[in-house]
Structures are given as C-alpha cells and as structure tokens.
Amino acid sequence: MRSSGSITKSGALFFRSIQITLRSASFASLSPASLTPVRNFGVGRIQTKMAPRDPNTLANYGEWLTKHTTVNFRVNFEKQRLEGSVQLELESLTEKKSQEIILDTNHLSVLSVKSNSSDLLWSLKDRVAPYGSPLHVAVPDGVPQGEILKLDIALETTKDCVGLQWMTPAQTGNKKHPYVYSQCQAILARSIFPCQDTPDVKSTFSFNITSPLPVVASGVPVPSDARGDGDKLFRFEQKVPIPSYLFALASGDLETAPIGKRSVVATGPEALKEAKWELENDMDKFLEVAEKLVFDYQWGQYNVLVLPPSFAYGGMENPIFTFATPTIISGDRQNVDVIAHELSHSWSGNLVGCASWEHFWLNEGWTTYLERRISAIIHGAPQFDFSAIIGWKNLEDSVALFGADHEFTKLIINHKGVDPEDAFSSIPYEKGFHFLYYLDKLVGREHFDKFIPHYFRTWARKSLDSFEFKQTFLDFFESYGNDEIKQKIAQIPWEERFFAPGLPPKPEFNTAYVDSCLALAEKWKQADYQPSPKDIESFTANQILVFLQAVQNFPSPLNAERSRLLGTTYNISSSKNVELKAAYYLIALGARDQSQLSGVVDLLSSVGRMKYVRPLYRKLNGLDRDLAVKTFEKNRDFYPSTTKGQLAKDLGLN
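Predicted model, so just to flag it, every value in this text is computed and none were measured.

Visitor: Would you mind going over the overall build of the protein with me for this structure?
Guide: Counting its regular elements, the protein contains 19 helices and 22 strands. Whereas a compact globule of 654 residues would reach a radius of gyration of roughly 26 Å, the protein reaches 25 Å, a difference of no more than 12%. With the principal axes as the frame, the protein shows a C-alpha extent of 85 × 65 × 55 Å. The buried share of the protein, taken over its 654 residues, is 60%. Put simply, the protein shows about 24,900 Å² of open surface, and 50% of that area lies on carbon and sulfur atoms. In the protein, 70 positive and 75 negative side-chain charges are present, and the distance between their average locations comes to 2 Å.

Given below as structure tokens:
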C-alpha cells in the first residue's frame, strides 16, 4: 500500500485514504450543560407540538419530527436513477392527535410505504408549485407523544429529479466513466427522497450507497470492503444532526490525496495533482484559525470534492465533504478563499442554521463574516476590508438587478409562495455581513469576539430565526456588565436593518489594498493611456479583479479596440483564472467587442457556476440575443437544474 502522502485510487484504497486520524465528530468542547435549550426542535428530550415557521415546506413537522434518516440507494447509471428506500424515524409531538404524516416530495416515484413490515395507506396529493406533491401517510390511531414511528418508503428518482445532476462519460474530465452528484439546497432534497424538507428540522443520517464507482457523501466513511468489479456498498454515518438540504452524495471516477491533517481532496484522476497543489498549502491554516475564532471543529473530517465544471456554485457546504467548483483550481492559489467560506459553514449554517430561507442571512452573512476574519488573520488585516469592498460591488449589482425597493433586497424576505432559488443573490451574503460588521464595530471587536462562541454554543444543533438572533445578542450584552455597550445596543434600529430594502449604510473601508487598483482604472479613462504588463505585475488576482470591476463601472464603456488592448496587454483573456476571464468578458461585451464572442461562448459552454454565467448571459443577450439563446440551448443539458432554471428566466425563455 502506498504511503499516507501518496495519491490513492478508488475501491478499498479510496476509503482507507480518508480514514485519517481524526478527533471524534462529537461535542468534545460542548458539554450537554453548555447547550442552551432555546427551542425544542433538535433537543434530546420529548418534543411538544410547535407551529411550523417555514413557508417553503408542505410537511407537518409541527406534529412529527424526523430524528434519524437512513438512505439505502443503488446508483443506476444506465437509467440515471437512484433506486432503493429511505427509513425515517419520526417522533410524535402530539398525544395521538395527529392521524397522518405529511412529507415533501417533488417528481419522485414512491412505490410503497411501510411500518414494521406492514403496508400503510398513503397518497401523493396534487402538485403545489413550486413545492411539489406532498406525500400523505395515514396513521389512524396516532402515536403517543415522544414515541418513534419508523417509516420505510420504497422509491426511485425520476428523469425530472432536480436534485441530481447525471453526467455521461463525455461530460466528465477524463471521459471514461459516468458521474452523478447531488445539490439539495434549497428545497431539492424532496426530489431524491420523501422528507421534511426544511432547515428547521435536523436529523442524524446513515448512508448505504451501492455503486460500481467510488462514492462520497455528507457523512464519515464507515470502513467496508469495496474491492473488485461491479456494484460495491459504500457506507457513511452522520452523527451530528443536519437538515435535509445538507444530504449529499456523488459517485464517479474519483481519486483522493491528502491536503491536511484532517483533510483529503477527491476529484477525477486527471485533475488530482493540480487540485492537491492548489489546496494543500492553506487547509490546515484555515481550520486552525477558524477553531480559535469560534471553537473546535465538530465534524471530524473536513474534505473537499472538486466537482465537474457544470457545478452551479463556488462551493456547497455539505458536511464532511465540501462540494467545490473546479474554477477554484486556477493554478495560482488565488481562489482558495472559497474553501475558507465553505469551512466557515461548518459552524454557521451546518451547526447553527436558519429556521427558514426567509432568514438565509443567518447562514450566509455569518459565513461571509467568518470567512473575512479568517482571511484577515492569514493574509493581513487589510484583507478584511479588501474582500468587503469586492463584496460591496456584488451587493450593488444585486440591488440594481432586483431594484432598490424589491422584496428580495431585504435582510428578511417574505417567502410565502416563493421558490427560494428565485430570491438567491449576493444580498444575504453581503447585506448579512454588513449587519454583523455593524454590530461588531458598535460593541467593539474585543467584545464581539466573546459573543461569537456564545452564539454558536447557544444554538449548536438547532435552527433559529432573526428575532431569536436579536434576543440572543441583546441578552448577552445586557448581562455583559458594560454600561456603555448596553446604551449602544439600545439604539440598534433592528426593524430597519431587518426589513428596509436596498443597500445598507456603507461603512468607511480601509482602501490600502485597493488604491493602486483604482488608480490604474483612472488611467484607463484616458483614451491615450498606453498600458504595460508591468501595470499589474505586483497585483494579486483579487486586485486585478477590483481593477476590472472599476473598469466595468465606467460611465462610458471602453470601445472595442481599447477593451481588446486591455485583455491582451494584461494577458487576461488567456488566463486560467475563470474569475478574471469572466470579469474581462463583461468589459468586452460592454465594449461590443465581437472578437471576444467566441471566448465568451467557450466559457459559457465549459462552466456552470452561476456567479459567472448569469451576468455573462445577461450581457450577451443585450448584445446578440440569437447567440445567447443558441448557446444556452446547446448547453442546456450541461447545466444543473438550478442554473438551467435561472438562465431560462434571465433570457425570458420560461
């Protein structure tokens, strides 16, 4: 067997490679006494009936609560289906008063529902767009409060499953084997198995996945014999309760390599060497800094799966295995802060999460704040503001796209009848960050740093809404023993911060890392400026990005000739860094530079990350609608369902 530092392949070696020495995924630093029982859901005692507060689920989770979920799936690449069953262990929250269990499903084939091997009466009700078809299971006699009812549901996914992305060998990196991965956020888990598909419900998970190819999932691998050809069983356990949207699996031609003391990277064999190099320098540093900022990492392993290029997001914070876009593998280690963001989700979102997508900022605002704190510690204090300046530009763009008075520009959004995907933007990330940054500055960094671990200990393994966050913050600082802080927090305009649309107040940023970028952009406003590659030789990739964003914001866009000169002089159009190429192509499209259209189409045909493709399609649509629609239709099957749906709306094709 190869040494621990070697690159290992699939089967038994694949799983041995990720059985690295780890701390237990338990609350070593969080004793039961330290877990404040603020809300009943998720606490290990008899629950009582509570009113559901998530408008994006049809499940009656106020009457039944999922405690454990076991999935038994066979990956059928030929039919592009998952086949098998799910077992839900549901606690009764009433004293025999609820005679039915209602679960979320969406385009799912349910074959049978049993309990203790006995068939139960069940029916799939009419579809309620955009939430799917609720599964009603009869429990005529009810169940005593606190007792567990086990449901065994046989099922198959369908061709309309929006939570799975199936890929033919031709769509993968080495074009040798098929591939499948899941993406369940926000309400897509219900298309894979019946569940209470809400972030307000968390359960432990067992995964039993049979596949002819290696599997990763959002649980700790259980050693199993995966040698030989044909179907093999891969098992995982997740002992920390998670919501349904963090259910994750992927199967394909995967190899792994170590990138830290507690971490491996998994990806296709053709990309493994580059992925290992890109990530191994920072992984342990990220973990160590995050633990000092909050408290010990609770999940045991922290691994990264680098997905095929169609993936819709920069990363998805699935526990144990972050699913990451290959666009972070840029050959310059300049985009790995995506991992700092996803790692931060191990506390904000995964351990402590929003109760509904109306309060999504509690996940993403906190995560963006922690990410920037981590980056500042590693890269220097000005990095915090530098990243925030880039984020402010993204926030301005999102507000401009929706309109300053739009509901979706609020911190707390009314989601009744809304598909959460339609509200997705940088707003919960950046507006949420700015609210936390405001509180940080209001009470002082030294004091806010004491609130951070208190907040995450108080809500560990539970879900909360914005009003519970408010009360937690006020309770902490009102009993903190500092009269000056007590007076300050009494003036916080909570209602305005929660419900005012548009941009929040803009803080004064430290522009130390930005000034040179903006100075170069000012030179480009002069039509006779003669650029040189030396202009950016001292810039990091993010500084180049700030420069490009400043050029994008010129009152009068560059002409085609000047835009082309910018791209060739600074060698951006040939860069491996997709972040920079996408920013440059927005300038080129604004300049109506026809010579760059082939590069734009190539990028749109090879990357599915919405951060890049949505702005590019919108810009291309304004310049050449026929080409935009033709490019989308040609690549429709390449994009995952989330990207596909949003692009169709952007192009007015729905």
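There's plenty left to go through after this.
Visitor: It is not clear to me how the sheet that holds strand β5 (residues 118-119) should be interpreted in this structure. Could you clarify?
Guide: Backbone hydrogen bonds hold the strands of a sheet together, and the pairing may be parallel or antiparallel. Here 8 strands make up an open sheet; going across it, the order is β5-β4-β8-β2-β1-β11-β14-β13 and the pairing mixed. With partners counted over all chains shown, the strands left at the sheet margins are β5 and β13 (220-222), one partner each. In the sheet, strand β11 (residues 203-211) pairs with strand β14 (residues 232-242) via 8 bridges, with the strands oriented antiparallel. Looking at β14, one finds that Phe207 is bridged to Phe236.

Visitor: What is the right way to look at the nonpolar core in this model?
Guide: General note: in soluble globular proteins, nonpolar side chains tend to be found buried as a group. Counting residues in hydrophobic clusters, the biggest one holds 193 residues, and the most contacted among them are Phe323, Trp366, Phe469 and Phe473. The greatest single-element share of this core, amounting to 10 residues, is contributed by helix α15 (residues 578-590). With sequence-adjacent residues up to four places away left out, Trp366 is seen in contact with Ser348, Trp361, Leu436, Phe448, Phe451, Ile452, Tyr455, Phe456 and Phe469.

Visitor: Looking at this model, I keep getting lost on the pairing of strand β16 (residues 255-260). Mind explaining?
Guide: Regular strands have side chains that alternate between both faces of the sheet. As judged from the 5 bridges shared by β16 and strand β17 (residues 263-267), these two strands associate in the antiparallel manner. Across the sheet, Ala257 pairs through a bridge with Val265, a residue of β17. Hairpin connection, β16 to β17: the antiparallel pair is bridged by 2 residues.

Visitor: Help me understand the sheet that holds strand β18 (residues 303-306) in this model?
Guide: Taken together, the 5 strands give an open sheet; going across it, the order is β16-β17-β18-β20-β19, and neighbouring strands pair in mixed fashion. The outermost strands of the open sheet, each flanked by one partner alone, are β16 and β19 (315-316).

Visitor: Can you walk me through the packing of aromatic side chains in this structure?
Guide: To describe a pair of aromatic rings, one takes the distance between the centres and the angle between the planes. For the structure shown, the criterion picks out 64 aromatic pairs. Ring centres 6.2 Å apart and planes at 90° place the aromatic pair Tyr297 and Tyr302 in the edge-to-face group. Looking at Tyr297, the relative accessible area reads 4%, which means it is buried. Its relative accessible area of 2% is what places Tyr302 among the buried residues. Above the face of the Phe433 ring, Arg372 is positioned so that its terminal group lies 4.5 Å from the ring centre.

Visitor: When you look at unusual backbone geometry in this model, what are you seeing that I'm missing?
Guide: It is generally the case that most residues other than glycine have a negative phi and that most peptide bonds are trans. With an omega of 0°, the peptide bond between Ala129 and Pro130 qualifies as cis. Note on placement: Pro130 falls in the loop between β6 (122-124) and β7 (135-138). Backbone torsion omega between Gln185 and Ala186 reads 10°, so that peptide bond is classified as cis. Among the structural elements, Ala186 can be located in the loop between β10 (179-182) and β11. Positive phi values are uncommon outside glycine, yet Asn571 reaches one of about 60°. As for its placement among the helices and strands, Asn571 is situated in the loop between α14 (560-569) and α15. Its identity is not glycine, yet Arg592 carries a phi of approximately 55°, on the positive side. Within the secondary structure layout, Arg592 lies in the loop between α15 and α16 (597-604).

About the criteria used
Residues numbered from 1 in each chain as written. Predicted model: local features only at pLDDT ≥ 70, side-chain atom pairs only at ≥ 80, totals over all residues. Heavy atoms only, no water. Helix = DSSP H or I, 4+ residues; strand = E, 2+ residues; numbered from the N terminus. Rg over C-alpha atoms; globule rule 2.2 N^0.38 Å. Buried < 20%, exposed > 50% of the residue type's maximum accessible area, 1.4 Å probe, protein only. Areas by Shrake-Rupley, 256 points an atom, 1.4 Å probe, with all protein chains shown as cover. Lys, Arg positive; Asp, Glu negative; His and termini not counted. Charge placed at Lys NZ, Arg CZ, Asp CG, Glu CD. Pairing = 2+ DSSP bridges. Core = buried A, V, L, I, M, F, W, Y, C linked by side-chain atoms within 4.5 Å. Contact = heavy atoms within 4.5 Å. Phe/Tyr/Trp six-rings, centres within 6.5 Å; stacked < 30°, edge-to-face > 60°. Lys NZ or Arg CZ within 6 Å of the ring centre and 35° of its normal.

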